[in-house]
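# Structure at a glance
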Amino acid sequence: MRIRKALTALIVSALVLVGGIATTSPSTAAAPLTSPTWMANATVYEVNMRQYTQEGTFNAFSTHLDRLKSLGVKVLWFMPLQPISVKERKGTLGSYYSIADYKGINPEYGTAADFKALVDKAHGMGFKIVLDWVANHTGWDNAWVTQHPDWYTKDSKGNITWPPGTDWTDVADLNYASTAMRAAMIDSMKYWVDTYDIDGFRCDVAGGVPNDFWNTATQTLTAIKPLWMLAESMPGEVTIGTNFTSAYNWPLKDMFNGMKSGNTDSFSVSGEISRIASEYPKGNYPMNFITNHDENSWSGTEYTRLGGVPQAKAGAVISFTLPGAPLLYTGQEVGMNKMLKFFEKDQVDYPATPSPMTAFYKKLIELKTKSPALAVGAAAGSITEVNTNKLTATAYARVAGKAKVLVVVNLSGKSSSVKISWGKNAGSFYDYATNKKVTVAASQTVTLPAWGYKIYSTNVLTNK
């Protein structure tokens, strides 16, 4: 949604008190959820259709597919594409997350045929398509409001209300005590899989919707085809491994934000490695990011939040090499350094000349794509923290069989000479910076510039 749901637990409690969430147990136990094999080494790319081009249409975006394929991303996550409610709208164009018709296409973006053509073209080029899904609330002029007012949460006076504990006055909160509404919601989700052959859902405010609904929805949808199910939530708010394959890695993003104030060190990274291992069952994983639509529009660009380009690069390296699926947001790959307006037209500024950030991300994506050691899901390898002589440097080894990726990052604003104990992970590698073969010793000292990094991989890369 527009702002991270840090108060999800409080909101859920409030909904229970007013009858907004059913507390009954699911009728059947959820089966284990398997991550699609195509997610193994994939990089996710979030598409903000409104701001992507001057036209803001499917057809205009389609002309960027070749560029994105060259970049190396595999999964295209589209922010909501349905019509946006006019009633109680915020700003001129309204929120993408105020859905007027779950089965409709926003006419600002084009027609249903245009979207189908875009999906077919993207599939033909090897992309997978993930749709943003808003199950927690609808727009005020959604037909459900007048046809089925009992499907919504009501206040003490009997009036339909917006989600408790939020300022989202442009949307009406759904009441999951209604079995009919649940069935209609699943039918709407199924429509997009059946009609457009989409490959997954990013579920908005997933923690505000009861788990037993997600149990049923996920089992119903994944019976059609393998889907990637991503929750905009923390793992404790949804059930990873049954309802969802992945959840947002907000704590890692918060750790990156600490770079600006100097509060990020090797202990911070160590804590994140341990947390990911404890919160995600085998075969499941977080989505890692340094920015997305919410962070960009409401909290600032990655350069503002993290402190600058060097910090953003250091954060991206960690995001791509820790366990998880990495995310790029619209414009991130060209070094966009502005906050996109959320309720208005505010096109991405594409530079007249190639941005150095494009080459930076292209190479990181190639590393992620080609390195079995960085895979997620059933193919995921191990991660081992590696000792250094500096609290301001983090080092770790990713290993899957004979494939290895060794990473060391300077987490300070000063150049640093770092001694690293690679131990049994030493051997013959390709230096990420030069693509040249090198020997990494069991004990090694490297000098890293402020926020600098070294990566060694058993896979040679072609990008410079």
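Structure: above.
What comes next is a walk through the structure. Note on numbering: residues in each chain are counted from 1, in written sequence order. In keeping with the model being predicted, local features are shown solely for residues with a pLDDT of at least 70 and side-chain atom pairs are shown and tallied solely at 80 or more, while totals for entire chains, interfaces and linings include all residues. Water and hydrogen atoms were dropped before computing side-chain values, which therefore reflect all heavy atoms in the structure.

## Topic: the overall build of the protein
Put simply, the test is: Only runs of H or I of at least four residues qualify as helices and only runs of E of at least two qualify as strands under DSSP, and these elements are numbered from the N terminus. C-alpha atoms define the radius of gyration in this analysis, and the globule rule sets the expected value at 2.2 Å times the number of residues to the power 0.38. Classification of residues uses two cut-offs on accessible area relative to the type maximum, computed with a 1.4 Å probe and protein chains only: under 20% is buried, over 50% is exposed, and between them is partly exposed. Whether two residues are in contact is decided by their heavy atoms: any pair within 4.5 Å suffices. The method behind every accessible area is Shrake-Rupley, applied with a 1.4 Å probe, and residues are considered shielded solely by the protein chains displayed. Neither His nor the chain ends is counted toward charge; the positive residues are Lys and Arg and the negative residues Asp and Glu. To locate a charge, take atom NZ for lysine, CZ for arginine, CG for aspartate or CD for glutamate.
If you tally the helices and strands in the protein, you get 14 helices and 18 strands. Its C-alpha radius of gyration of 22 Å places the protein within 12% of the 23 Å reference for a compact globule of 464 residues. Seen through its principal axes, the protein has C-alpha atoms that stretch 70 × 50 × 40 Å. Relative to its full complement of 464 residues, the protein shows a buried share of 59%. When contacts within the protein are restricted to residue pairs at least 6 apart in sequence, long-range pairs at least 24 apart make up 74% of them. Within the structure as shown, the protein displays about 17000 Å² of accessible surface, and the carbon and sulfur contribution to it stands at 55%. Averaged over its 44 positive side-chain charges, the protein has a centre that lies 11 Å from the centre of its 37 negative ones.

## Side note on the nonpolar core
Here is the rule: Take the buried residues of types Ala, Val, Leu, Ile, Met, Phe, Trp, Tyr and Cys, join any two whose side-chain atoms come within 4.5 Å, and each joined set is a nonpolar core.
Counting residues in hydrophobic clusters, the biggest one holds 108 residues, and the most contacted among them are Phe61, Leu76, Met185, Phe201 and Trp214. Counting residues per element, this core draws most heavily on helix H7 (residues 179–196), which supplies 8 residues. Beyond its immediate stretch of four places on either side in the chain, phenylalanine 201 contacts Val130, Leu131, Trp133, Met189, Val193, Leu221, Leu227, Trp228, Met229 and Leu230. If you look at the next biggest cluster of nonpolar residues, it comprises 18 residues, including Trp38, Val130, Tyr285 and Met287.

## Concerning the packing of aromatic side chains
Just so we agree on the cut-off: Any pair of Phe, Tyr and Trp rings, taking the six-membered ring for Trp, is counted once the centres come within 6.5 Å. Such a pair is stacked with planes under 30 degrees apart, edge-to-face with planes over 60 apart, and tilted for the rest.
Taken as a whole, this structure holds 28 aromatic pairs when the rule is applied. For the ring pair tyrosine 176 and phenylalanine 213, a centre distance of 5.0 Å and an interplane angle of 65° mean the geometry is edge-to-face. Highlighted residues: tyrosine 176 in the loop between strand E5 (171–173) and H7 and phenylalanine 213 in helix H8 (residues 211–222), separated in sequence by 37 residues. This pair shows no difference in class: tyrosine 176 is buried, exactly as phenylalanine 213 is. With 5.1 Å between their ring centres and 65° between their planes, phenylalanine 213 and tryptophan 214 make a pair best called edge-to-face.

## Re the packing of helix H13 (residues 309–321) against helix H14 (residues 356–370)
Our working rule: Whenever a helix is involved, its axis is fitted only over the stretch in contact; in every case the axis is a line through C-alpha atoms, and angles between N-to-C directions fall within 0 to 180 degrees. Each angle gets one of four labels, with under 35 degrees taken as roughly parallel, over 145 as roughly antiparallel, 65 to 115 as roughly perpendicular, and the rest as oblique. Handedness of a crossing is defined here by the sense of rotation of the near helix relative to the far one, left-handed for an anticlockwise turn of less than a right angle and right-handed for a clockwise turn. For this classification, the nonpolar set comprises Ala, Val, Leu, Ile, Met, Phe, Trp, Tyr, Cys and Pro, the charged set comprises Asp, Glu, Lys and Arg, and every other residue, Gly included, is treated as polar.
One can describe the packing of H13 onto H14 by two numbers: an axis separation of 10 Å at closest approach and a directional angle of 15°. The orientation of H13 with respect to H14, classified from their angle, is roughly parallel. Judged by the twist between their axes, the crossing of H13 over H14 is right-handed. Each of Val309, Lys313, Ala316, Val317, Phe320 and Thr321 in H13 lies in contact with H14, whose residues at this interface are Met357, Phe360, Tyr361, Leu364, Ile365, Leu367 and Lys368. Looking at the contact of H13 with H14, its residues break down into 10 nonpolar, 1 polar and 2 charged.

## Topic: the packing of helix H5 (residues 112–124) against H7
Where H5 contacts H7, the axes come no closer than 10 Å and their chain directions differ by 65°. In this view, H5 runs roughly perpendicular relative to H7, as classed from their interaxial angle. Listed contacts from H7 to Ala112, Phe115, Lys116 and Val119 of H5 are Trp192, Thr195 and Tyr196. For the contact of H5 with H7, a count of residues per class yields 5 nonpolar, 1 polar and 1 charged.

## Re the sheet that holds strand E8 (residues 246–247)
What counts is decided by this rule: Here, strands pair whenever DSSP counts at least two bridges between them.
On the basis of which strands lie adjacent, the open sheet formed by 8 strands has the order E8-E7-E6-E3-E2-E1-E10-E9 and parallel pairing. Across the chains shown, the open sheet's two edge strands, defined by having one partner strand only, are E8 and strand E9 (287–288).

## Section: H8
Here is the rule: By this rule, a helix spans an expected 1.5 Å times one less than how many residues it contains.
The terminal C-alpha atoms of H8, which comprises 12 residues, lie 16 Å apart, in line with the 16 Å expected from a rise of 1.5 Å per residue. Of the surrounding secondary structure, the elements contacted by the buried residues of H8 are H7, strand E6 (200–204) and strand E7 (228–231).

## Details of the sheet that holds strand E15 (residues 427–431)
Pairing between the strands of a sheet is mediated by backbone hydrogen bonds and can be parallel or antiparallel. In space, the 6 strands of this open sheet follow the order E11-E12-E13-E18-E15-E16, with antiparallel pairing throughout. Both outer strands of the open sheet, strand E11 (382–385) and strand E16 (437–440), are each paired with one neighbouring strand and no more. This sheet shows a mean twist of 30° between the axes of neighbouring strands, independent of strand direction. Relative to strand E18 (residues 453–457), E15 is paired through 2 bridges, and the arrangement is antiparallel.

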